[in-house]
Amino acid sequence: MSGRLIVVSNRVPSDGPPSGGLVVALHETLQAEGGLWIGTSGETVESPGPLRDIDGDGYKMKVFDLTNDEYEGYYLSYANSVLWPLCHRRSDLISLSAGSFDVYDGVNKRLAEMIAPLVEPDDLVWVHDYHFMPLAAHLREQGVKATIGYFHHIPFPTTHDLGALPERKHFPDWIAAFDLVGLQTQNDVSTALELYRGLNGAEMAHDGSLYYHDRRFEVHSFPIGIDGHAFHASAKDQDGRALLNLSPQEQLVIGVDRLDYSKGLGNRFRAFARYLETRKDDEPKAALLQIAPPTREEVQAYQEVREELELIAGRENGIHSELGWTPIRYIHRAIPRDQLASLYRAATVGLVTPVADGMNLVAKEYVAAQDAEDPGVLILSAFAGAAEQMEAALIVNPYDIEEMAGAIRQALSMPLKERQDRHKWLFKGVIEDDVANWTQSYLKTLQGIPARAAAQAERMSLYPA
Ligand code: ADQ
């Protein structure tokens, strides 16, 4: 890499050693390449100052504070109550509030003004996620010429979804201001291409790059992964069954998700309840362990999903519990990652049933944690990005309670040979397409942009449209 790598994400790993695949992968890349990581400080102040330096382990980090109004308008309101539901096909949950777009755009503009003087022409800027969709457009306004990439971690909105966004006219310009738009799946890429196909001023070049007015940009899929080997190793450290005091006959079904309406938790509980209802006496006894730490609790829609889960879990446990057996165990907090890995390994079934999800790393973690000799079965929603790569899972429709209940039954009684065969394929994919591979392939593509853009420009002048 000739220039520096500058990563921009909503949060930086400022609270001690990073944890979680993505943060660790970016941390290691920055350590190896040197560079700069920029994000919000997590603190709110009366009047925001310039970027502040904080110590990074082998690279630089800079953070900026938000005012209370910015936290409200940029983060809670526009990012998480407009863009998040929009991209997760839940336009019914969009909460438009007057002025929140201006605050969101204002934070992006202010950040662009602070970053622009730091960026050299041969630097690579890599922006993460929906908090910063207009950032490249503002950096271009500030005269930044460097290559700017974007990775969209969540589903790309369809033209139909975008109909609910008051700022839909600006959206194609935000995206086109980046040089490389990374999406999780091929399906997302098709959705993005479909959007530009319908716009005046958009053209596709022979090499697949897009032109929108005066901008050339590329859209490709880079399915994110995990550090499969490390996760597999850490799963063996503890006995997950002992952590839960499971009786020898009891089988475990596990779900692990931030408590978010996109994760399909209500229907998952209903499907498990349906399985319990239809369970024959000679079938094994299974308990569902759902770990769902709180997230974005200030947003109304998140309070509602929490209440819904408490209601269903309480009701179903009331109906089905026996002395010494609670069928739904629901933990509403985060747990240490090494314990999580052991719990995945102890579970006969991993239930990953979002109604929409960019990728879903839990699906990959569950597979990585298994014992290849006696692996558990992954049940995976067709609407998780991961389903594009993980066809050997039991793929389900997260709206179809009956089908999911049937898949739970099938998974709990699946013969060993079939479990091993399915796991072998899934594990191979998780190990090969890991997070290091994801970072490298994204950055390699980003680095190649200036040369490809120059070649394309030449070809366009030789063969004018
Ligand atoms: P998320 O919506 O957060 O990520 P996901 O990909 O499943 O979803 O990642 C969640 C991470 O949090 C996993 O590593 C999981 O282990 C961890 N986690 C969840 N519950 C936990 C708990 N109780 N205790 C400890 N750890 C817990 C967004 C997109 C996804 C995309 C990722 C990465 O929504 O679609 O896969 O970014 O691009």
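That block above? That's the structure.
Okay, the site of the ligand next. His153, Asp357, Met359, Leu361 and Glu365 are the nearest of the 22 residues found near the ligand. Within the side chain of Glu365, one N or O atom sits 2.6 Å away from an oxygen atom of the ligand. Alone, the ligand offers 710 Å² of accessible surface; in the complex the protein occludes 86% of this. Contributing elements (two or more residues each) for the shell around the ligand: α12 (337-346) and α13 (361-369). Here the residues of the shell around the ligand are counted per class, giving 12 nonpolar, four polar and six charged.

This part is about the pairing of strand β1 (residues 5-11). The side chains of a regular strand alternate, residue by residue, between the two faces of the sheet. Among the seven residues in β1, six count as buried, and that is most of the element. Here four bridges tie β1 to strand β5 (residues 124-128), and the two strands are oriented parallel to one another. For Ile6, the partnering residue across the bridge sits in β5 and is Val125. When β1 meets strand β2 (residues 35-45), the two strands line up parallel, connected through five bridges. Across the sheet, the residue bridging to Leu5 is Gly35, located in β2.

Non-glycine residue Asp129 carries a positive phi angle of around 75°. On the secondary structure map, Asp129 appears in the loop between β5 and α4 (135-141). Notably, Asn245 is not glycine yet its phi reads approximately 55°, a positive angle.

This part takes up the packing of α12 against α13. Across the interface, α12 lies against α13 with an axial gap of 8 Å and an inter-helix angle of 70°. Comparing the axis directions of α12 and α13 gives the class roughly perpendicular. Helix-helix and strand crossings are classified by hand; for α12 and α13 the assignment is right-handed. Where α12 approaches α13, its residues Arg337, Leu340, Ala341, Tyr344 and Arg345 are matched on the opposing element by Val362, Glu365, Tyr366 and Ala369. Looking at side-chain class alone, the contact of α12 with α13 contains six nonpolar, no polar and three charged residues.

Rules and cut-offs
Residues numbered from 1 in each chain as written. Predicted model: local features only at pLDDT ≥ 70, side-chain atom pairs only at ≥ 80, totals over all residues. Heavy atoms only, no water. Near = heavy atom within 4 Å. Polar contact = N/O pair within 3.5 Å; in protein donor to acceptor, adjacent residues only side chain to side chain. Areas by Shrake-Rupley, 256 points an atom, 1.4 Å probe, with all protein chains shown as cover. Helix = DSSP H or I, 4+ residues; strand = E, 2+ residues; numbered from the N terminus. Nonpolar A, V, L, I, M, F, W, Y, C, P; charged D, E, K, R; others polar. Buried < 20%, exposed > 50% of the residue type's maximum accessible area, 1.4 Å probe, protein only. Pairing = 2+ DSSP bridges. Axes fitted to C-alpha atoms, helices over the stretch in contact; angles between N-to-C directions. Parallel < 35°, antiparallel > 145°, perpendicular 65-115°, else oblique. Left-handed = near helix turned anticlockwise from the far one by under 90°. Contact = heavy atoms within 4.5 Å.

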